[in-house]
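One letter stands for each residue in the lines below.
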Amino acid sequence: MNLSFYIAKRYAVSFSKNKAINIITGIASVGIIASTMALFVFLSVFSGLKEFSLNFANVSDPDLRIETTTGKTFLVNPKQEELLQKSNNIASFSKIIEERVYFMYNSKELVAHIKGVDNNFIQVTHFNNHLYAGEWFENNSENVVFGADISRKLGLGLFDYSNGLEAYAPKPGKGNIENPNEAFNKVLLFPTGIYSVNEELDGKYVFCSIDLAQNFLGLKNNEITNLEIKLKPTAKENQVREELTSIFGKTIKIKNRAQLNDSLYKMLQSENLFIYLFSTLVVILTLFCLAGAIVMIIIDKRENLKTLYNIGVAQTSIRTIFFTQGIIITLFGLIIGLGLAIGIILLQQHFSFIMITPTMPYPVLFEWQNMAIVIMTIVILGLISSWIASGTVNKKLFK
């Protein structure tokens, strides 16, 4: 570094004697710290809310679900079941029969989904862990488990074997209906358990034995509506998809959890993008406040800069000094703001200072991805604002 460049640096980097400019620079620095904190905290809070929402959705959703593309039901033969059991990628699978039916209890009516499941179902989704009253039903029985919202709407209790829950489903077939009483299959169900997950699921399902659902809906023993699969931790989804296609052919469609909750995932992604753009707008305003402060310093030191320029310091060297000054202030604010924000998130994760309810802490989630997003955003915008501010150093300034 030559002597003239060193002298220029001493002139340019030193604070201005103008107190107003120093205050503005300080405000800009604090603004960078605050906006960095806000951006990271917002992203971490949304990550927590996203995980919280998906945990509810994933309660009833398997890792993969197989459906048919040629109708409502498809057949699973013993050879296909054997291949699924021998697979190195599949931990467990469950045969499912699901259909919307009409329920009646003590003159109260409701339309919900009856879901017939086999014994493997609780290994695939662990849905029985969400029972808050009663017990899970036994196979080959007329016992059922239903949601808390269904219980409330129908006034259903448990273990009332003198007054069962009536379920009606249209009989399969073609032709005109001559007698309405013969147009529906009917079954009497006896509740043994109530589950509670969230408002949507609590009013959606009535779980029963798959054998009962097959007889009620008039299906064959090996006829199902979908197949739910739990993968092993080491399994790769693409390989499993190829394996399932080779077993069942091309007449099936395979959905993962994101595809099963397509609208929910799209909504969460849209909200995440909106939060990021809103927070980034605050960062942009703060960094351009910094750019304005640097421009004011340049104007305040105009006479000194003229002197330096006249003794041989290059215009680009002077511009680089102010550009570097902007980057230093940006990085300073980024490091402090990010450190404070990480501390806030980790404290909330471990000590739950902010509560939604007396028993539920406000969900936050520390993710390295969010840290990378914040660093890239602040650094890129800091480079742009510093470059714009340093561009004020031009030949017109030295006239």
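None of the values given here were measured: they were computed from a predicted structure.

**Topic: unusual backbone geometry**
For residues besides glycine, phi is generally negative; the peptide bonds are generally trans as well.
Turning to step 1, where the next piece is worked out: The backbone phi angle of H126 is positive, close to 55 degrees, even though this residue is not glycine.
Turning to step 2, where the next piece is worked out: Summarising the element assignment, H126 is placed in the loop between α4 (121-124) and β5 (131-134).

**Remarks on the side chain of T377**
Turning to step 1, where the next piece is worked out: Relative to the assigned elements, T377 resides in helix α13 (residues 368-390).
Turning to step 2, where the next piece is worked out: Looking at T377, the relative accessible area reads 7%, which means it is buried.
Turning to step 3, where the next piece is worked out: Side chain to side chain, T377 and Y276 meet in a polar contact 2.7 Å long.
Turning to step 4, where the next piece is worked out: Within the structure, T377 has its side chain in polar contact with the backbone oxygen of I373 (distance 2.7 Å).
Turning to step 5, where the next piece is worked out: Residues within four places of T377 in sequence aside, it is in contact with L39, Y276 and T280.

**Side note on the packing of helix α12 (residues 315-351) against α13**
Turning to step 1, where the next piece is worked out: Orientation of α12 relative to α13, taken along the N-to-C sense of each, is 155 degrees, at an axis distance of 9 Å. Taken together, the axis directions place α12 and α13 in an arrangement best described as roughly antiparallel. Note on packing geometry: the crossing formed by α12 with α13 is right-handed. Counted together, R319, F322, F323, G326, I327, T330, L331, L334, L338 and I342 of α12 and M371, V374, I375, I378, V379, G382, L383, S386, W387 and S390 of α13 form the full contact between these two elements.
Turning to step 2, where the next piece is worked out: Broken down by class, the residue content of the contact of α12 with α13 amounts to 14 nonpolar, five polar and one charged.

**A closer look at α13**
Turning to step 1, where the next piece is worked out: Given a rise of 1.5 Å per residue, 23 residues ought to cover 33 Å, and the 32 Å separating the end C-alpha atoms of α13 matches this to within 8%.
Turning to step 2, where the next piece is worked out: Regarding α13, the residues found buried are N370, M371, V374, T377, I378, L381, G382, S385, S386, A389 and S390.

**Thoughts on the nonpolar core**
For soluble globular proteins, nonpolar side chains are generally found buried alongside one another.
Turning to step 1, where the next piece is worked out: Membership of the largest hydrophobic core comes to 45 residues, with the highest contact counts inside it found for I66, F103, L189, L244 and F248.
Turning to step 2, where the next piece is worked out: Ranked by the residues each element gives to this core, the list is headed by strand β3 (residues 90-105), at six residues.
Turning to step 3, where the next piece is worked out: When sequence neighbours within four positions are dropped, the list of residues in contact with F248 reads I66, F74, V76, Q80, L84 and L227.

**A short note on the environment of I24**
Turning to step 1, where the next piece is worked out: Structurally, I24 is set in helix α2 (residues 19-59).
Turning to step 2, where the next piece is worked out: In the structure, I24 is positioned 272 residues away from M296 in sequence and 9.3 Å away in space, judged by C-alpha atoms.
Turning to step 3, where the next piece is worked out: Discounting residues that sit within four places of it in the chain, I24 has contacts with A293 and M296.

**Brief notes about the packing of aromatic side chains**
Turning to step 1, where the next piece is worked out: Per the counting criterion, the structure on display carries 14 aromatic pairs.
Turning to step 2, where the next piece is worked out: Pairing F121 with F207 gives two aromatic rings, centres 5.5 Å apart and planes at 35 degrees, and the pair type is tilted. Here F121 is found in helix α4, whereas its partner F207 is found in strand β9 (residues 205-209), with 86 residues between them in sequence.
Turning to step 3, where the next piece is worked out: Relative to F207, the ring of Y205 lies with its centre 5.4 Å away and its plane at 40 degrees, an arrangement referred to as tilted. Of the two residues, Y205 and F207, both sit in the buried class.
Turning to step 4, where the next piece is worked out: Joined through ring pairs, the aromatic side chains of F121, F127, W136, F137, Y195, Y205 and F207 make up one cluster.

**Thoughts on the confidence of the model for the chain**
Do not read the fine detail of predicted coordinates wherever pLDDT is low.
Turning to step 1, where the next piece is worked out: Taken as a whole, the chain shows an average pLDDT of 84; of its residues, 89% reach a score of 70 or greater.
Turning to step 2, where the next piece is worked out: Counting interchain partners and residues more than four positions distant, the pLDDT-below-50 stretch residues 3-16 has 26 contacts.

**Details of the pattern of salt bridges**
Turning to step 1, where the next piece is worked out: Inspection of the entire model under this criterion finds 14 salt bridges.
Turning to step 2, where the next piece is worked out: K255 is paired through a salt bridge with E67; the nearest N and O atoms lie 3.6 Å apart. One end of the pair, K255, is in strand β12 (residues 252-256); the other, E67, is in strand β1 (residues 64-68), with 188 residues separating them in the sequence.
Turning to step 3, where the next piece is worked out: Owing to a relative accessible area of 17%, E67 belongs among the buried residues under this scheme.
Turning to step 4, where the next piece is worked out: The partner of D262 in a salt bridge is K266, with the nearest N and O atoms 3.3 Å apart. Taken together, the residues span about one helical turn, with D262 and K266 both in helix α10 (residues 262-300) at a distance of four residues.

Cut-offs applied
Residues numbered from 1 in each chain as written. Predicted model: local features only at pLDDT ≥ 70, side-chain atom pairs only at ≥ 80, totals over all residues. Heavy atoms only, no water. Helix = DSSP H or I, 4+ residues; strand = E, 2+ residues; numbered from the N terminus. Buried < 20%, exposed > 50% of the residue type's maximum accessible area, 1.4 Å probe, protein only. Polar contact = N/O pair within 3.5 Å; in protein donor to acceptor, adjacent residues only side chain to side chain. Contact = heavy atoms within 4.5 Å. Axes fitted to C-alpha atoms, helices over the stretch in contact; angles between N-to-C directions. Parallel < 35°, antiparallel > 145°, perpendicular 65-115°, else oblique. Left-handed = near helix turned anticlockwise from the far one by under 90°. Nonpolar A, V, L, I, M, F, W, Y, C, P; charged D, E, K, R; others polar. Expected span 1.5 Å × (residues − 1). Core = buried A, V, L, I, M, F, W, Y, C linked by side-chain atoms within 4.5 Å. Phe/Tyr/Trp six-rings, centres within 6.5 Å; stacked < 30°, edge-to-face > 60°. pLDDT = per-residue confidence, 0-100. Salt bridge = Lys/Arg side-chain N within 4 Å of Asp/Glu carboxyl O.

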